[in-house]
Structures are given as C-alpha cells and as structure tokens.
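Chains, contacts and geometry: an overview
For reference, the chains in residue letters:
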Amino acid sequence: MTGFLLIAGVFILLTVLLGLVRVLRGPGDAERLMAVQLLGTGGVAALLLLGSAIDLTATTDLALLLALLAAFAAIAFVAGLGANPGAFTAARPVSAPSSHSNGDSPAGD
Amino acid sequence: MPDVSLPDPHWADLPLGFALLVLALWLTWTQRDRAAVIGFTGYGLLVAIAWVRLGSMDVALTEAALGGGLMGLLLLTAAARLGEETDQPAPGLPARLSIALLCLGVTLVLAAVVLGLPSPAPNLVAPVASHQAVTELGNPVAAVLIAFRAVDTMLESVVLALAVIVLWSFGADRAWGARPRALHLGPPSPALVFLGRLLPPAGLIVGVHLFWTGADHPGGPFQGGAVLAAMAALLWLARLGEPPRVSDGLTRLGIVVGPLLFLLIGLAGAVIADAFLDYPEALTKPLILLIEAAKTLSVAVALALLVAGPPELPGPMPPRQSGRAAKGVTP
Amino acid sequence: MSLADAFTAVFVSLGAFFFFAGWVGLVRFPDALSRLHALSKADNLGLGLVVIGLLPQASWPFGTLKLIALWLVAVLVGGASAQLLAGAIHAQAAETSTGGEPGRGTEAAPGANGNDKATS
Amino acid sequence: MNEAQLYGVCGAGLVGIGLYGAILGRSTLRRLLAFNLVGSGVFLIFGAIARRGGLAGGAQSDPVPQALVITGLVVAFAATALAVALLIRLATVAHEAASAAATPGSTDDPSTPATASQGRGERGPGHVGAGHS
C-alpha cells in the first residue's frame, strides 16, 4: 500500500508541476492564478498521500494549512482588480513625459 | 520522528528543484509585475513542499503560512496599488553580462561549497536531544527556539514589533491615528464576503491547533500566529472588520506583550534561576507555554498589521485610483 | 490486499485521474472560463476522491476528522475562489465587449489582451 | 546526488538568479521579489545543511538550523512588508509631485486642494489628479 500511495502522490505532484506551464504562458493573469491554485490543491493531495504512506501526521497539518490559505492569491488578485479595473493601463500614459510611449505590446512572454 | 530517512522515491525532487529554478528565472525576466507576483505565490508553495522533502516540517509550515498566504496578499495588493511600473533603464550589454557572470560565479561558489561539505556532517542533533527533556517539549525545534536559542527568538519578536513601528512611521504625519488602509480595495464581492464569514473560524481553530501542537509536533507560535494574521487580513479585505487605529492602546499592547513577557521572564530567570533567559526547573513547561501563547498573539497582531500597511486618511488612495478607474467592475 | 486497501486504491486512482484531467483541461481548453471549469474538477473531485480514499488509512478518530475537515475547507475555499475568479473574468469580458478599453495584457479575459496564445 | 545536495545546489542557483534580478530587475517590485529569491535560496542551503546534519545525527533534520530559518523567514517577511510600504509611499509622493507640478487647477477634479501639500510630500484626502498628469 505504501508504494502505491507514494506513486500516486508523486504522480499528482508531477501533474500539477506541469500545470506551471500555464503560469509561464498565461495568457492572462487569471490562468496563472488557476495554475497556482491547481498547484496548491495538488500539493495538498500529494502531501496527504505522502503523509499517509509514511505515517507522518504533520504533513496533514501542512496540507490543512495549504488548503486553508489556497484562496488567498485569488482573493487578493480579484480584490485588486475590482478596486482598480483600468489602472494597469491608465497608470502611466501621460504621467511621465520622459518615459517611453505607452504603445507597448501586451505582456505575457 | 524517529525514522532516519524518508522512504519515498527521490525522483520527485529533481522536477521540483527544476520547477523552482524555472519559476525563479521566469519571474525575474517576465514583463509585468502582477504576473510575476502571482508566479511568486506558486513559488512559495513549491518551496514549502521542498522543505517537507528536506525533513523540516516546522519550516515547511512557516513557509506555507507566510510564503503561500500572507506574502501573496501583501504583494498582490501592492501590485494592484502601484500599477505596472515602466521598465527601468537597463545598463548596456557589457555591464549586464558582467553582472550575470558575477551572479553565476556566486552560484558556482555556493554550489561547490554545498557539494563539498564535510562528511560526516557536523550537527547538533545529539546535544539538543540530550537536553530536550529539561524543557518537557517533544518538538526539538521548539526546544531550540524557546530555550536553547531563546535570545534569538526574543530579539526576533522585538524585531517584529519594531517593524510595525517603522511601518507606521511611513504614514503621512496628518494621517497619524487613522486606520491602515492597504487592504481597502474597493467593494468586496459576495463570494469574498462569504469566504470572510466562513473561513476565519476554521482558521482560528487551525491557528490555535498549530500553536498548541507545536510543543510536541511541528508547529508553534510563528506558524499559528501567521495563520491567525492571515485570517484577520481576510476579514479586513472582506470589509467585515476594520484594522485598528494605530493609536489604539490594546493593539499596541498586543504587539509588545510577547517580547515583553519573554523579556520579563528572562530577567526573572536571571534572579531566580542561574542566568538571563534561564527558566526555574519546576516551572519550565508552564513558563514556556505562557511565553509561547503571548508570542503567538504578538506574532499574529504584528504580521496582520504589517500586511495592513501604514495609517492613511480616508478618501481615494493615490497612486492607485485614477478618475477613470472609478467606473467599476461589479463582480 | 484487504478490502480497505482496495477501496483506497480505487478512490486514490480516481482522484489522481481527476488531477490529470484538470491539468489537461487547464492546458488544453481554449478560454479562461473552461479552464476554470477544468480546474474546479481537480479541486473538488480530485482532492475529494483522494480524501475519501485515504479515510480507511487514517487513524480514528482525529486523523479521520482532520481529513474530513480538510476536505470541507478545500471545497469551501475552492468553490469561493472559483466564483471570485469567474466573476473577475466575466466582468472583464463584459467590459471589453461593451467598448471599454481593453486592458492591455493584464486582464483575465481571453483575447482581451491580444496576447500570444489567447483564443476566444 | 541526494536530496540535500539537490536542494542545496538549487538554493545556490536561486541566490544567483535573485542577485541578478535584485541588481537589474525591471521594476522595484520585481527587485523586491528577487531579493526574496536570494533569501529563500540561502534558507534552502541552510535546509540542505540541516538535512545532512540531521541524517548524520539520526534525525530527519538538525533542529538548530531549522530554528534559525524559521526566525529568518519571519524577519524576511517583515522586511518585505516594510519595503512594500516604502514603495507605495514613494509612488504616492512621486505622483503628487507630478500632478502638482504639471498643471495646477487644470485637472477635472474640483476637489484637488491645489498644491498645498506638495512640499512636504503630504497627501490630502481628495488630492488625486484625475488624469494622472
């Protein structure tokens, strides 16, 4: 059983690590957040499986903590967005005459 | 944790380490601040898992609570408020290249040091284990923090209190006495309010549990306090409560009660026991619990206030809110 | 293999499958809302099934209770944050389609940012 | 290569990347992130050393470096919070100076209390130029 749980845990961890592609590629910040969220949930599952396999109760505590705080990035992101929907484009157009023109290409890389 | 090595497969480590490095590279070179900050929250999660793999559950818990929760909140709200900054002028290619080479050199030297560490590794496991019984704590890390290296821990809680004072001093003079407003980010959506009502009770239980279990298992005042601080920040963000005014006496007491109690008991130890920060033998466990409880409270208050920012007067908050930003999203 | 172990094997495998499905959806689905949909599958079903699978292995009562509490927290947090994200994506899409200035590269809506991989 | 060495080398790499980012970051917030990368790299090296010591001494990890890292993490967070507050304050002051210097009175925000507070970098409640100019 131990071996199976470990393999399942590592499988889930690798899966969500591959999800980091979405953090790198975007295209939007919402996708990046989703990938981080998947990472958090997958990390929780992997920790639970790991902890169960080797009888470490502390990993359950860590999993609980991660589950509890999983939404904080999304919360802060959406709160910032709601407060300031256009700020990311409006913040600099004419403020600094010396700065480069604002016709920059959208982000993401 | 008696068993010597984790019997799990090692091939999870290589992808994890690789992902850490890729993420770090990406968030250094990507174009926008907010995307980088989101990547950084993911990075915090990965580092916490890496600490589990290194066998340090205590550190993993701290990293998860700070790096995964509070740090994301702090940096994302800051990114929202600052807006995207224009690229700073970069020096020419030769300068950048030489800096890159320098950094590569630092990495190579550090890597060589890590790979060339003496074997068998020097360690303090045995001394800690042999003296641990005196503290009646089952968690060796807690014993180190609260007893063997107590000066560090006390100074660290003093540093937290000082950090809050410095943070408050960043506020404008006329805003003194007002409330911190860094988490005032527009009207909260119903989902956020819902979460703000349901999550803090659960978080309270987890925080107190982490503090309490910290005596014998991984956990402790820092981890518990960080969770409590995150819950307070959630309440403020959902506008279910307001951060206290900086002139509030009770808040100030909350910040200093941890270090103060630590210091007083330490001074008393100089008289009653043998040395500064020495605990009388019979009272060791109760005194430690008392200090840790006060420290949990202080850490929680200080961390929450650090996220809440300096005091600010009501009204629109520069530089964030421009006129056109007022046309709101109603989520 | 005991009955409990078989139970665990089945449910953990199912959970792992849903994580895999969530990853595939997150990477392959064409727009933000469908990706969010895929993510929620992994969040709720994947983690839920893993937790159910681990229940027979946990120590009664505290281990079991902790697992159940964890799942409840995860469902609550996952659901609320999916709601938050969906609201943000939706609002952004509405803003761009009603002639609001498209937020350059920062917005959640697919295609709104004219970004490289965006498809709408 | 065992996991202690692997994460130690990884930490060394993070220090290098973070150092580069802290010197040549695209924005101040990014430099702050990079600075945190340096910190976490150093902590990981500590973790590698703790792991080695722990295995040699018959435990999962040496408790003394662990305790140091926990203290360090909290202090690093406090430092980051201070830096963030400083950045916001800096942006506020710059913004006010810019809006005051540009065209007093020409903004469409009637509540702008002229330029009264620009000298001291103070911020009034309604003191927001609508056009960010």
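These numbers were taken from a predicted model, which means no experiment stands behind them.

So, how was this worked out
Residues numbered from 1 in each chain as written. Chains lettered and ligands numbered in written order. Predicted model: local features only at pLDDT ≥ 70, side-chain atom pairs only at ≥ 80, totals over all residues. Heavy atoms only, no water. Helix = DSSP H or I, 4+ residues; strand = E, 2+ residues; numbered from the N terminus. Buried < 20%, exposed > 50% of the residue type's maximum accessible area, 1.4 Å probe, protein only. Contact = heavy atoms within 4.5 Å. Areas by Shrake-Rupley, 256 points an atom, 1.4 Å probe, with all protein chains shown as cover. Lys, Arg positive; Asp, Glu negative; His and termini not counted. Charge placed at Lys NZ, Arg CZ, Asp CG, Glu CD. Domains from an automatic or database assignment. Buried area = accessible area lost by both parts, 1.4 Å probe. Salt bridge = Lys/Arg side-chain N within 4 Å of Asp/Glu carboxyl O. Polar contact = N/O pair within 3.5 Å; in protein donor to acceptor, adjacent residues only side chain to side chain. Axes fitted to C-alpha atoms, helices over the stretch in contact; angles between N-to-C directions. Parallel < 35°, antiparallel > 145°, perpendicular 65-115°, else oblique. Nonpolar A, V, L, I, M, F, W, Y, C, P; charged D, E, K, R; others polar. Core = buried A, V, L, I, M, F, W, Y, C linked by side-chain atoms within 4.5 Å. Patch = residues over 30% accessible without salt bridge, like charges linked within 9 Å, V, L, I, M, F, W, Y side chains within 5 Å. Expected span 1.5 Å × (residues − 1). Bend = angle between axes of the 7 residues up to and from the residue. Left-handed = near helix turned anticlockwise from the far one by under 90°. pLDDT = per-residue confidence, 0-100.

Considering the overall build of chain A
- Counting secondary structure elements, chain A contains six helices and zero strands.
- Secondary structure elements in chain A, listed N-terminal to C-terminal, are α-α-α-α-α-α.
- Counting across all 109 residues of chain A, residues that qualify as buried make up 73%.
- Excluding contacts between residues fewer than 6 apart, the proportion of contacts in chain A whose partners are at least 24 apart in sequence is 45%.
- Roughly 2,700 Å² of accessible area belongs to chain A as shown, and the carbon and sulfur atoms make up 64% of that amount.

Considering the overall build of chain B
- Scanning chain B from terminus to terminus reveals eleven helices and zero strands.
- Order of helices (α) and strands (β) in chain B, N terminus to C terminus: α-α-α-α-α-α-α-α-α-α-α.
- Along the first, second and third principal axes, the C-alpha atoms of chain B reach 65 × 55 × 35 Å.
- A total of 331 residues make up chain B; the buried ones form 57% of that total.
- Sequence separation of 24 or more characterises 77% of the internal contacts of chain B that already satisfy a separation of 6 or more.
- When the accessible area of chain B is evaluated, it comes to approximately 12,700 Å², of which 72% is carbon and sulfur surface.
- Computed over 18 positive and 21 negative side-chain charges, the separation of the two mean positions in chain B equals 17 Å.

Here we look at the domain arrangement of chain B
Residues and elements named next belong to chain B.
- Split into domains, chain B comes out as domain 1 (9-81) and domain 2 (136-314).
- The straight-line distance from the C-alpha centre of domain 1 to that of domain 2 is 23 Å.
- Between domain 1 and domain 2, roughly 1,200 Å² of surface is buried when both sides are summed, and carbon and sulfur atoms account for 74% of that area.
- The shortest N-O distance in the salt bridge between E312 and R81 comes to 2.7 Å.
- At the junction of domain 1 and domain 2, the tally comes to five residue pairs in polar contact (both at pLDDT 80 or more).

Some thoughts on the interface of chain D and chain B
- Of the residues lining the interface, 86 residues belong to chain D; the matching set on chain B comes to 102 residues.
- For the chain D and chain B pair, buried surface summed over both sides reaches about 8,500 Å², with 73% attributable to carbon and sulfur atoms.
- When the buried area of chain D at its contact with chain B is split by residue, R26, Q60 and F77 of chain D rank highest and sum to 9% of it.
- Between chain D and chain B we count one salt bridge in total.
- Among the ionic pairs, R30 of chain D bridges to D33 of chain B, the shortest N-O distance being 3.1 Å.
- Joining chain D to chain B, the criterion identifies twelve residue pairs in polar contact (both at pLDDT 80 or more).

Section: the packing of helix 2 (residues 33-53) of chain B against helix 3 (residues 57-82) of chain B
All names here are of chain B.
- Taken N-terminus to C-terminus, the directions of helix 2 and helix 3 make an angle of 175 degrees; their axes are 8 Å apart at the nearest point. Here helix 3 runs roughly antiparallel to helix 2, going by the angle between their axes. Each of R34, V37, I38, F40, T41, G44, V47, A48, W51 and V52 in helix 2 lies in contact with helix 3, whose residues at this interface are M57, V59, A60, E63, A64, G67, M71, G72, L75, L76 and A79.
- A class-by-class count of the residues in the contact of helix 2 with helix 3 yields 15 nonpolar, four polar and two charged.

Structural notes on the pattern of salt bridges
- This structure, assessed with the given rule, holds eleven salt bridges over all chains.
- Where D61 of chain A meets K66 of chain C, a salt bridge forms, and the shortest distance between an N and an O atom there is 2.7 Å. Residue D61 of chain A is located in helix 4 (residues 57-69), and its partner K66 of chain C is located in helix 3 (residues 62-97); the two belong to separate chains.
- The exposure class of D61 of chain A is buried, given its relative accessible area of 6%.
- D13 of chain B serves as the salt-bridge partner of R53 of chain B, at 2.7 Å between the closest nitrogen and oxygen.

Description of the nonpolar core
- If you look at the biggest cluster of nonpolar residues, it comprises 176 residues, and the most contacted ones within it are L199, L303 and L306 of chain B.
- Residue contributions to this core reach at least three from each of two domains, namely domain 1 (9-81) and domain 2 (136-314) of chain B.
- Setting aside residues up to four positions removed in sequence, L303 of chain B forms contacts with L66, L70, L160, A226 and A229 of chain B together with F77 of chain D.
- Judged by nonpolar contacts, the second largest core, of 15 residues, contains A143, I146, L277 and L287 of chain B.

Re the side chain of D29 of chain A
- Structurally, the position occupied by D29 of chain A is in helix 3 (residues 29-54).
- For D29 of chain A, the side chain forms a polar contact with the side chain of R32 of chain A, separated by 3.0 Å.
- Of note is the side chain of D29 of chain A, whose polar atom sits 2.8 Å from the side chain of R32 of chain B.

Focus: a nonpolar patch on the surface
Residue and element names in this part refer to chain B.
- A surface patch of nonpolar side chains, amounting to about 890 Å² of accessible area, comprises V151, L155, L250, L253, V256, L260, L263, L264, L267 and F276.
- Listed by contribution, the elements that provide at least two residues to the nonpolar patch are helix 7 (150-169) and helix 10 (249-272).
- Ranked by residues supplied to the nonpolar patch, first place goes to helix 10 with seven residues.
- Considering the arrangement of structural elements, one finds L263 in helix 10.

Notes on helix 8 (residues 190-213) of chain B
- Across its 24 residues, helix 8 of chain B extends 34 Å between first and last C-alpha, which sits within 8% of the 34 Å expected from 1.5 Å per residue.
- The sharpest bend along helix 8 of chain B measures roughly 35 degrees and falls at L199 of chain B, with the proline P200 of chain B sitting one to four residues further on.

Section: the packing of helix 6 (residues 140-148) of chain B against helix 3 (residues 63-102) of chain D
- Two elements in contact, helix 6 of chain B and helix 3 of chain D, have axes whose closest approach is 8 Å; the angle formed by their N-to-C orientations is 65 degrees. Crossing of helix 6 of chain B over helix 3 of chain D shows right-handed handedness. From helix 6 of chain B, P140, V141, V144 and L145 of chain B reach across to helix 3 of chain D, where they touch P63, V64, Q66, A67, I70 and T71 of chain D.
- Class assignment for the residues of the contact of helix 6 of chain B with helix 3 of chain D results in eight nonpolar, two polar and no charged.

Brief notes about the confidence of the model for chain B
All names here are of chain B.
- Here chain B shows a mean pLDDT of 82. Residues at 70 or above account for 91%.
- Per-element averaging of pLDDT across chain B places helix 5 (residues 125-135) at the bottom with 78 and helix 9 (residues 221-237) at the top with 91.
- Under a pLDDT of 50 for its full length, residues 1-7 has, in the predicted model, 16 contacts with residues more than four places off or in other chains.
- Considering only residues more than four positions removed or in separate chains, one finds that residues 321-331, a stretch of pLDDT under 50, has 23 contacts.

Overview of unusual backbone geometry
- Unlike most non-glycine residues, R239 of chain B shows phi in positive territory, near 60 degrees.
- Among the structural elements, R239 of chain B can be located in the loop between helix 9 and helix 10.

Considerations on helix 6 of chain B
- By the criterion of burial, helix 6 of chain B is predominantly enclosed, with seven of the nine residues buried.
- One side-chain oxygen of the residue at the start of helix 6 of chain B lies 3.1 Å from the amide nitrogen of V141 of chain B, identifying that residue as N139 of chain B.

Examining the environment of P201 of chain B
- Counting through the fold element by element, P201 of chain B comes out in helix 8.
- Once the C-alpha coordinates of P201 of chain B and M231 of chain B are considered, the two residues, 30 residues apart in sequence, prove to be 8.6 Å apart.

Here's the deal with the environment of S247 of chain B
Residue and element names in this part refer to chain B.
- Along the chain, S247 turns up in the loop between helix 9 and helix 10.
- Residue classification places S247 among the partly exposed positions, given a relative accessible area of 40%.
- In this structure the C-alpha to C-alpha distance between S247 and G177, which are 70 residues apart in sequence, comes to 5.0 Å.
- If we ignore the near neighbours within four places in the chain, the residues touching S247 are G177 and R252.

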